[in-house]
Amino acid sequence: MQTINPQENYEATRAAIGYVDRKEATQADYDRIGFMSGLEVHQQLATKEKLFCRCPAGIFQKPDQFDAELLRHMRPTLSEMGEYDGTALMEFKTRKNIIYRIAHRTACTYEVDDTPPFPINPEALQYALEITLASKLKVVGEVHITRKQYLDGSIPTGFQRTAILGIDGEIPLRHKKVRLIQLSVEEDACREVSDIGHTRIYRTDRLGMPLIETVTYPEMVNPDEVEEAGNVIRFLNRSTGRVRTGIGAGRQDVNVSCKGGTRIEVKGVAHTKWIPEVTHVECFRQWALLAIREQLKSRIQKENWKMNYMELDPKQFHFYFDPITDAIKRGEKVYAVNLPQFAGLLSHFTQPGHPFYCEFADRLKVIACIERPNMATSEDLEDVVSRSVFEKAAHALNAGENDAQIIFWAADDDVKTALETIEERALMAFDGVPQETRKALPDGTTIFERVLPGADRMYPDTDSAPIPLTNDYIESLKKNIPESIADRYAQLDQWGVPKDCYKYILTYNFFPLIKRIVSELDVCPKFVGTLFGQRLKHLHGQYGNIPFYIDRIYDLFDFLKQKGIDKAIARDMLEELFIYPNAEMPQILGLAGYKKMTKQEIEDLYNKAISDFEPYRTRSNDNDKRNYAIGRVRRRAIGNSAFTELAKK
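So, how was this worked out
Residues numbered from 1 in each chain as written. Predicted model: local features only at pLDDT ≥ 70, side-chain atom pairs only at ≥ 80, totals over all residues. Heavy atoms only, no water. Helix = DSSP H or I, 4+ residues; strand = E, 2+ residues; numbered from the N terminus. Buried < 20%, exposed > 50% of the residue type's maximum accessible area, 1.4 Å probe, protein only. Contact = heavy atoms within 4.5 Å. Areas by Shrake-Rupley, 256 points an atom, 1.4 Å probe, with all protein chains shown as cover. Lys, Arg positive; Asp, Glu negative; His and termini not counted. Charge placed at Lys NZ, Arg CZ, Asp CG, Glu CD. Pairing = 2+ DSSP bridges. Axes fitted to C-alpha atoms, helices over the stretch in contact; angles between N-to-C directions. Core = buried A, V, L, I, M, F, W, Y, C linked by side-chain atoms within 4.5 Å. Arc of directions from axis to C-beta. Parallel < 35°, antiparallel > 145°, perpendicular 65-115°, else oblique. Left-handed = near helix turned anticlockwise from the far one by under 90°. Nonpolar A, V, L, I, M, F, W, Y, C, P; charged D, E, K, R; others polar. Phe/Tyr/Trp six-rings, centres within 6.5 Å; stacked < 30°, edge-to-face > 60°. 1 Å grid on protein atoms, 1.4 Å probe; cavity = no way out; pocket = protein on both sides within 12 Å on 5 of 7 lines; lining within 4 Å. Points joined across faces, edges and corners; volume = space filled by probe spheres on them.

1. Considerations on the overall build of the protein chain
Part 1 of the reasoning: When its secondary structure is counted, the protein chain shows 21 helices and 23 strands.
Part 2 of the reasoning: Across its three principal axes, the protein chain shows a C-alpha extent of roughly 100 × 75 × 45 Å.
Part 3 of the reasoning: Within the protein chain, the proportion of its 649 residues that are buried is 54%.
Part 4 of the reasoning: Restricting the contact set of the protein chain to residue pairs at least 6 apart, pairs at least 24 apart contribute 75%.
Part 5 of the reasoning: Summing over all exposed atoms, the protein chain offers an accessible surface of approximately 29500 Å²; the carbon and sulfur share of this is 49%.
Part 6 of the reasoning: One way to put it: in the protein chain the 87 positive side-chain charges average out to a point 6 Å from where the 94 negative ones average out.

2. Here's the deal with the sheet that holds strand S2 (residues 68-72)
Part 1 of the reasoning: Spatial ordering of the open sheet is given by S2-S3-S10-S9, a layout of four strands whose pairing is mixed. Taken across any chain shown, the strands that pair with only one partner, and hence form the sheet edges, are S2 and strand S9 (191-196). Ignoring which end each strand starts from, the neighbouring axes of this sheet average 20 degrees apart.
Part 2 of the reasoning: Direction of pairing for strand S3 (residues 97-102) relative to strand S10 (residues 199-203): parallel, over a ladder of five bridges. Each bridged residue has a counterpart across the sheet, and for Arg 101 the counterpart in S10 is Arg 203.

3. Let's talk about the nonpolar core
Across soluble globular proteins, nonpolar side chains have a tendency to be buried as a group.
Part 1 of the reasoning: Counting residues in each nonpolar core, the largest one holds 98 residues, and the members touching the most others are Leu 339, Phe 342 and Phe 408.
Part 2 of the reasoning: With 10 residues, the top contributor of residues to this core is helix H6 (residues 275-299).
Part 3 of the reasoning: Residue contacts for Phe 342: discarding those within four places in its chain leaves Leu 296, Arg 299, Trp 305, Phe 356, Glu 379, Asn 402, Asp 403, Ala 404, Ala 426 and Ala 429.
Part 4 of the reasoning: Leu 492, Tyr 502, Phe 510 and Ala 583 belong to the second-largest nonpolar core, a separate cluster that totals 41 residues.

4. Here's the deal with helix H12 (residues 485-495)
Part 1 of the reasoning: All of the buried residues in H12 are Ile 485, Arg 488, Leu 492 and Trp 495. Looking down the long axis of H12, one finds its buried residues gathered within 85 degrees of arc, a one-sided arrangement.
Part 2 of the reasoning: Phi turns positive, to about 85 degrees, at Gly 496, one or two residues after H12.

5. Considering the packing of helix H16 (residues 552-563) against helix H17 (residues 570-579)
Part 1 of the reasoning: Taken N-terminus to C-terminus, the directions of H16 and H17 make an angle of 135 degrees; their axes are 11 Å apart at the nearest point. In terms of their interaxial angle, H16 and H17 are classed as oblique. By crossing handedness, the relation of H16 to H17 is classed as right-handed. Contacts between H16 and H17 involve Arg 552, Ile 553, Leu 556, Phe 557, Phe 559 and Leu 560 from the first element and Ala 570, Met 573, Leu 574 and Leu 577 from the second.
Part 2 of the reasoning: When grouped by side-chain class, the residues that make up the contact of H16 with H17 number nine nonpolar, no polar and one charged.

6. Focus on the packing of aromatic side chains
Part 1 of the reasoning: Applying the stated criterion across every chain yields a total of 23 aromatic pairs.
Part 2 of the reasoning: Aromatic side chains Tyr 19 and Phe 284 sit 5.0 Å apart centroid to centroid with 75 degrees between the ring planes, which places their arrangement in the edge-to-face category. Linking Tyr 19 in the loop between helix H1 (6-16) and helix H2 (27-33) with Phe 284 in helix H6, this pair joins segments that are 265 residues apart in sequence.
Part 3 of the reasoning: Among the residues examined, Tyr 19 registers a relative accessible area of 8% and is labelled buried.
Part 4 of the reasoning: Given the relative accessible area of 0%, Phe 284 is considered buried.

7. Re the side chain of Glu 225
Part 1 of the reasoning: Position of Glu 225 relative to the elements: it lies in helix H5 (residues 223-239).
Part 2 of the reasoning: Glu 225 sits in the buried class, given a relative accessible area of 14%.
Part 3 of the reasoning: Apart from the residues lying within four places of it in its own chain, the contact partners of Glu 225 are Leu 173, Lys 176, Glu 219 and Met 220.

8. Structural notes on the layout of surface pockets
Part 1 of the reasoning: Considering only enclosed or pocket space, the second largest pocket measures out at about 1100 Å³ in volume.
Part 2 of the reasoning: Around the second largest pocket, the lining is made up of 32 residues, and of these Arg 238, Thr 245, Gly 246, Thr 507 and Tyr 508 lie nearest the centre.
Part 3 of the reasoning: A class-by-class count of the residues in the lining of the second largest pocket yields 11 nonpolar, 14 polar and seven charged.

9. Comments concerning the pairing of strand S11 (residues 210-216)
It is a general feature of regular strands that their side chains alternate between the two faces of the sheet.
Part 1 of the reasoning: Burial runs high along S11: seven of the seven residues are buried.
Part 2 of the reasoning: Of the two faces of S11, the one carrying Pro 210, Ile 212, Thr 214 and Thr 216 and the one carrying Leu 211, Glu 213 and Val 215 are both buried.
Part 3 of the reasoning: One ladder, built from five bridges, connects strand S1 (residues 36-44) with S11; its direction is antiparallel. Paired with His 42 across the strands is Glu 213, a residue of S11.

10. Here we look at the sheet that holds strand S15 (residues 333-339)
Part 1 of the reasoning: Overall, antiparallel pairing links the four strands, which are arranged S14-S15-S19-S18 in an open sheet. Edge positions in the open sheet fall to strand S14 (308-311) and strand S18 (375-377), since each of these has one partner strand only. Going from strand to strand, the sheet's axes swing by 20 degrees on average, the running direction of each strand aside.
Part 2 of the reasoning: Against the sheet, helix H10 (residues 412-428) engages S14, S15 and strand S19 (404-410), with an angle of about 150 degrees to S19.

11. Some words on helix H7 (residues 322-329)
Part 1 of the reasoning: Restricting attention to buried positions, one finds in H7 the residues Pro 323, Ile 324 and Ala 327. Considered in projection along H7, the buried side chains sweep an arc of 100 degrees and stay on one side of the axis. Turned more than 90 degrees off the buried face of H7, the exposed positions are Asp 322 and Lys 329.
Part 2 of the reasoning: The positive-phi residue at the C-terminal boundary of H7 is Gly 331, with phi of around 85 degrees.

12. Observations concerning the environment of Phe 118
Part 1 of the reasoning: Along the chain, the position of Phe 118 falls in the loop between S3 and helix H4 (122-134).
Part 2 of the reasoning: Residue classification places Phe 118 among the partly exposed residues on the basis of a relative accessible area of 35%.
Part 3 of the reasoning: Residues Phe 118 and Phe 52, 66 residues apart in the sequence, show an inter-C-alpha distance of 5.0 Å.
Part 4 of the reasoning: When near neighbours in sequence (up to four residues on either side) are disregarded, Phe 118 contacts Phe 52, Cys 53 and Arg 54.

Rendered as structure tokens:
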């Protein structure tokens, strides 16, 4: 058994693969490892009802608010080609008890698969087709609803109903165009309450809500491009006014690969701002797995590799790690596994803070349903199990000098699955990057979620007839299509709105309101755009939400125009709207401190402030004196055109 310093090995292997932090990475780094990424963007539609039943959409329940519970066990079914999907087989192996918490207000017998589907929600189909047209996709002539297997229990039927509406579109980025593969409309899945051991609990309130999925080609060559593409798709969806917004309404899955790797789907990227770190880390994780593969293949051939294991008697091995001692008290078994020729590989860098052995722990949690911490290794970065214990276990296993060991603990019923899972993941190391779906964490790292689904999971829905789309119907929908995101970017640029305002304005689809204020009330577009993109954004963040109907900002400018009051006071009035959202505009104006003043009164105030100025530093100059005076006068004179003229001089 080699004496390896896991921390030193982790740092050395991190340097060996050329890992760099994202903020320091250049395009040359991404070209070196062959970064390639695509997106799947999901967005809920703002319909009144769900997609295949008439339950209300958008009403949510708390975890403990339900009227009934339903228990299901998922089982895989054969595809039309007589084959099983790998993901379905993996989920079946977990032996999960799936519990659904049902509230009568938000679910019916369709959701629990006791009633065939209703005809597709026409409102949802209309909204989805409008977004399809806005995405410049080619609309299909006939909508065919298919079933996509989901054996994780997130849909009680075991499959999701989905339909492709458009193919072959494109979106504009700053320096390139990215092609779209397709846009689909589909039903949303349940919300997970908990997933512990062999029990997974879901809420059914979100289940069946209509959403669209926009899929790009893998044409992004760095993480920033992936984020930009995600934002453009999100802006485009929101520009139609047909989608829901807020937490959980939009979600991204990113597909990432490196040179020599494979497509990995990272799910659960809740915010586009997470995308750069997630894609950066995932691409380098694959690069690290390829380095592990090369080291392993230089030591032993896959066909000659075989692990061995044994149960450890707690009376002969002294464990002081609380998770192990607690497991023993529960009557669970402790096993040691020997991995031939894996010395130095378990502590090999894969992700920041995640050595290679985390890949084993993740799968033990997901497939064998053993809660973390569920294992220790001979190369842990932190010594949770003493080296003497591993030396004794290695001797009992007849381990070689270049072998590594894993100790895990599990209920007797889970031991067989755990051993199979460890052996399977070790054998995958010989091939490099296993095909799998991973879950994104806020810090940019990912964990194993399930085996990557294949084409065998899709088959026609025999309960739903095809839906023809006539030319007249499609032409009528084109009347609802807004200007493109590229045109909106160009207009904001022409107006002189600062670029740091664009994202907020487009995220919340404030562009139409800004355009209306500018065109109908003849207000300076740069001022209005900056008010939305900076002042409103700041107040939105400070107060947590916008408590008033957003069109009240139009009413604010209309009021100022009618009263002949300078627009500059709109900044102060906007904050008062947050504090008193139901107040009338004259009250808001008064709360903002407006007082009508003559030009002479303003000049007198200014001159008085100049004479009162006392330098607060030895190098104060005339400009400091003027800024001081303008600030003093503003408190009393804001909203008067004479003050605005004075401030501009």
